[in-house]
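Structural overview for review
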Amino acid sequence: MHPGPSPAGTKRAATLTQYAEREVMAKRLKGEHKDAPIRTNVKPHKAAWDPPQRVVTNMKKYGICLLLSPSLAEYDSNGVVKTLMSIVEKKQWGLPANLRRQHEEKWVILIAQARDILTQRKSEIKKAILTSMNLSDTKVSKKAAIGPLDSDSKQLHIYAFCSHLSTALGKKSGLHTDIAVTIEMCTRFAFLRFCARSYLEQPCAMEVKSGKEKDFSGHYWEFVDNTLELFRSKSKDSEGRHQVVVMHQYFINILIEDQKMYPSVSETHNDVLSSLATAKAGDAQAEFDRFVLTGEDGDLDGVQDDE
């Protein structure tokens, strides 16, 4: 079901090259540690400590930004939790600077909070993805989708869907995420919609890590991570080096296919590649995406926290 490379115009090829490079770098920087456990020797006790509301609010906000970032290397493993906890450690939001080292039991509670936040947001995103294509499975109800999609079963063009998602997730939580829709974001969510269609059609797939057939039923996000890994492996040359152009072609084909399957009702964003060719993320959003990709760039000072 995976679309193979096909010719594309020079302008289109240049447009998403950076996106493909981001996918390759994400694997290099984080792929080797994606399954590493978040180690701790302390188990949280009920009512032992309640994280300050400011901390929880900002964890929710950054959790949304994280899951909507096109730089995210994986969704289902400990990696995404560790990234959110890295943000907590960097931003602090009034927490003691030595909390992780000196108050491990509180850090464990924050890890559990992060995992719960990300699980809830991923569930909402999955429901919205299916609803945006007028699809559902036995475990997902269209009525559970976020925002206006609750009562609207129309299929959404990828730009309209990303615009809805970038505001609806935060609005449901009473947060303002200020996420600009970019071509990279549209490409990532076209990929997630492609994965959803593939998953519903056939949840069994070759697991890249083991090289064996695996039934991913009930594990959509693990299916997504496996598909990302499949694309990375298929873009390697005979010597195991990543070929960015090949990786790029897989994603651009998916975006083009998505536009054909779910065209815009107006001409405004009928060709997302053309309409978003000059759209750029703001400095704060770009800094955040770099941090998600590398874990090292900047202090995220440009991202507006909730007080």
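Heads up: these notes are all about the structure in this document. Residue positions are given per chain, counting from 1 as you read along its sequence in written order. Confidence filtering applies because this is a predicted model: local features only for residues at pLDDT of at least 70, side-chain atom pairs given and counted only at 80 or more, and all residues used for totals across whole chains, interfaces and linings. Excluding hydrogens and water, the side-chain values take into account all heavy atoms of the structure.

Quick notes on the overall build of the protein
The secondary structure content of the protein amounts to twelve helices and two strands. Helical segments are the DSSP runs of H or I of at least four residues, strand segments are the runs of E of at least two, and each set is numbered from the N terminus. Along the protein, helices and strands appear, N-terminal first, in the series α-α-α-α-α-α-α-α-β-β-α-α-α-α. Under the scheme applied here, a residue whose accessible area is under 20% of the maximum for its type counts as buried, over 50% as exposed, and between as partly exposed, the area being computed with a 1.4 Å probe on protein chains only. Here the protein holds 307 residues, and the buried ones make up 50% of them. We call two residues contacting when some pair of their heavy atoms lies within 4.5 Å. The contacts of the protein with a sequence gap of at least 6 include a subset with a gap of at least 24, amounting to 70%. Where accessible areas are quoted, they stem from the Shrake-Rupley method and a 1.4 Å probe; at the residue level, only the protein chains shown are allowed to cover. Taken as a whole, the protein presents about 14800 Å² of accessible surface, with 48% of it coming from carbon and sulfur.

Some remarks on empty space enclosed by the protein
Think of a 1 Å grid over just the protein atoms. A cavity is a set of points where a 1.4 Å probe fits yet cannot get out, a pocket is an open set with protein on both sides within 12 Å along at least five of seven lines, and lining residues have an atom within 4 Å of a point. Grid points are joined across faces, edges and corners, and a volume is the space filled by probe spheres set on the points. Applying the stated criterion across every chain, the model contains one cavity of 30 Å³ or more. Within this model, the largest cavity holds a volume of roughly 60 Å³. Forming the walls of the largest cavity are Val 88, Glu 89, Gln 92, Leu 95, Pro 96, Ala 97, Leu 99, Arg 100 and Trp 107.

Brief notes about helix α3 (residues 53-68)
A helix is expected to span 1.5 Å for every residue after the first. When the terminal C-alpha atoms of α3 are compared, their 23 Å separation across 16 residues agrees well with the 22 Å that a helix rising 1.5 Å per residue should span. Most of α3 is tucked away: 13 of the 16 residues are buried.

Observations concerning the packing of α3 against helix α6 (residues 104-132)
Convention adopted: a line fitted to C-alpha atoms gives each axis, helices being fitted over their contacting stretch, and angles between N-to-C directions are expressed from 0 to 180 degrees. Closest axis-to-axis distance for the α3/α6 pair is 9 Å, and the angle between their directions is 45 degrees. It follows from the interaxial angle that α3 and α6 lie oblique. Considering only the axes of α3 and α6, their crossing is right-handed. Residues Val 55, Val 56, Met 59, Lys 60, Gly 63, Ile 64, Leu 66, Leu 67 and Leu 68 of α3 form the contact with α6, whose own contacting residues are Leu 110, Gln 113, Ala 114, Ile 117, Leu 118, Arg 121, Lys 122 and Ile 125. Ten residue types, Ala, Val, Leu, Ile, Met, Phe, Trp, Tyr, Cys and Pro, are classed as nonpolar, four, Asp, Glu, Lys and Arg, as charged, and the remainder, Gly among them, as polar. Its residues assigned to classes, the contact of α3 with α6 shows twelve nonpolar, two polar and three charged. Each angle is binned into one of four classes, with values under 35 degrees roughly parallel, values over 145 roughly antiparallel, values of 65 to 115 roughly perpendicular, and all other values oblique. Left-handed describes a crossing in which the near helix is turned anticlockwise from the far one by less than a right angle; the clockwise case is right-handed.

Concerning the environment of Ser 233
Note that Ser 233 resides in helix α9 (residues 220-234). Accessibility expressed as a relative area gives 29% for Ser 233, which makes it partly exposed. Once the C-alpha coordinates of Ser 233 and Gln 243 are considered, the two residues, ten residues apart in sequence, prove to be 9.8 Å apart.

Details of the pairing of strand β2 (residues 212-215)
Pairing analysis gives four bridges linking strand β1 (residues 204-207) to β2, with the strands arranged antiparallel. Along β2, the bridge assignment pairs Glu 207 with Lys 212. Two strands are said to pair when DSSP picks up at least two bridges between them. Connecting β1 to the antiparallel partner β2 that follows it, the hairpin turn spans four residues, and Gly 211 within it adopts a positive phi of roughly 75 degrees.

Some remarks on the nonpolar core
In this text, buried Ala, Val, Leu, Ile, Met, Phe, Trp, Tyr and Cys residues form a nonpolar core when linked through side-chain atoms within 4.5 Å. Counting 70 residues, the largest nonpolar core has Leu 110, Phe 189 and Phe 191 as the members making the most contacts within it. Of all the elements in the fold, those that place two or more residues in this core are α3, α4 (78-91), α6, α7 (158-172), α8 (183-201), α9, α10 (244-261) and α12 (283-294). When residues no more than four places from it in sequence are discounted, the contact partners of Leu 110 are Trp 49, Pro 51, Val 55, Met 59, Met 85, Val 88, Leu 95 and Leu 99.

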